[in-house]
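# What the coordinates show
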Amino acid sequence: MLAWSFNRDFEAKPGLIERRDQRLRVDTAQKRRVRAELQALARPQSGVDDLRPAFPHSRPIAGVVDRKDETHAPKVAQ
């Protein structure tokens, strides 16, 4: 069961994503580029920033927005 996922860059321990990519033969950066067009469909989620204070050096990921901070959410044409 997934109890928590990374919501910001630099929340994962250094090397964790790179080792996962190598082991599973995936390229996280490539997947992010391919999925960039989906950002317009993203909706704010609850809890995205709940652990933010524990990761002071983390950076936001485009399209991943906490419901409490909807002012930064992408605008979607209706």
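In the block above lies the structure referred to throughout.
Throughout what follows, the structure given in this document is the object of discussion. Sequence positions are assigned chain by chain, starting from 1 and proceeding in written order. Under the rules for a predicted model, residues below a pLDDT of 70 receive no local features and side-chain atom pairs below 80 are neither given nor counted, while totals for whole chains, interfaces and linings still include all residues. Only hydrogens and water are set aside; all other atoms, that is, all heavy atoms of the structure, feed into the side-chain values.

The next subject is the side chain of D21. Strands are runs of DSSP state E lasting at least two residues, helices are runs of H or I lasting at least four, and both sets are numbered from the N terminus onward. Turning to its location among the elements, D21 is positioned in helix α1 (residues 16–24). A polar side-chain atom of D21 sits 2.7 Å from a polar atom in the side chain of T28. Contact criterion: two residues are considered in contact whenever any of their non-hydrogen atoms come within 4.5 Å of each other. Excluding its chain neighbours within four sequence positions, the residues that come into contact with D21 are V26, D27 and T28. Pairs of N or O atoms within 3.5 Å make up the polar contacts considered here, provided that, within protein, one atom can donate a hydrogen while the other can accept it, and that residues adjacent in sequence are counted only when both atoms are side-chain atoms.

This next bit is on the environment of A40. The residue A40 is located in the loop between α2 (28–35) and β2 (59–60) in this model. Residues A40 and G63, 23 residues apart in the sequence, show an inter-C-alpha distance of 7.4 Å.

Our focus in this paragraph is unusual backbone geometry. Non-glycine residue F10 carries a positive phi angle of around 75 degrees. Looking at where F10 falls in the secondary structure, it is placed in the loop between β1 (8–9) and α1. For the exposure calls, accessible area comes from a 1.4 Å probe over protein chains only, and a residue counts as buried if that area is under 20% of its type's maximum, exposed if over 50%, partly exposed in between. Judged by relative accessible area, which is 55%, F10 ranks as exposed. If you check the backbone angles, R25 has positive phi at about 55 degrees while not being a glycine. As for its position among the elements, R25 is in the loop between α1 and α2.

This brings us to the side chain of E11. Mapped onto the secondary structure, E11 falls in the loop between β1 and α1. In this count, Lys and Arg are taken as positive residues and Asp and Glu as negative ones, while His and the chain termini are left out. For this analysis, a salt bridge means a side-chain nitrogen from Lys or Arg found within 4 Å of a carboxyl oxygen belonging to Asp or Glu. One buried charged residue, E11, forms no salt bridge at all, with the nearest opposite charge on R8 at 4.6 Å. Here the side chain of E11 touches N7 through a polar contact of 3.0 Å, landing on its backbone nitrogen. Setting aside anything within four residues of it in sequence, one finds E11 in contact with W4, S5, F6, F55 and S58.

Across all of its chains, the model carries 4 salt bridges by this definition. Close ionic contact of D9 with R32 constitutes a salt bridge, the shortest N to O distance being 2.9 Å. Here D9, found in strand β1, pairs with R32, found in helix α2; they are 23 residues apart in sequence, far enough to count as distant.

Our next topic: a nonpolar patch on the surface. Patches here: salt-bridge-free residues with over 30% relative accessible area, like charges joined within 9 Å, nonpolar side chains (Val, Leu, Ile, Met, Phe, Trp, Tyr) joined within 5 Å. Per-residue and other accessible areas were derived by the Shrake-Rupley procedure at a 1.4 Å probe size, with only the shown protein chains allowed to occlude residues. Among the surface-exposed residues, W4, F6, L16, I17 and L51 lie close enough to one another that they form a single nonpolar patch of about 410 Å² accessible area. As for its placement among the helices and strands, L16 is situated in helix α1.

This part covers the environment of D66. Its location among the elements puts D66 in the segment after β2. Apart from the residues lying within four places of it in its own chain, the contact partners of D66 are P44, Q45, S46, G47, V48, D49 and D50. Looking at D66, its side chain comes within polar contact range of the main-chain nitrogen of V48, at 2.8 Å. There is a polar contact of 2.9 Å between the side chain of D66 and the backbone nitrogen of K68.

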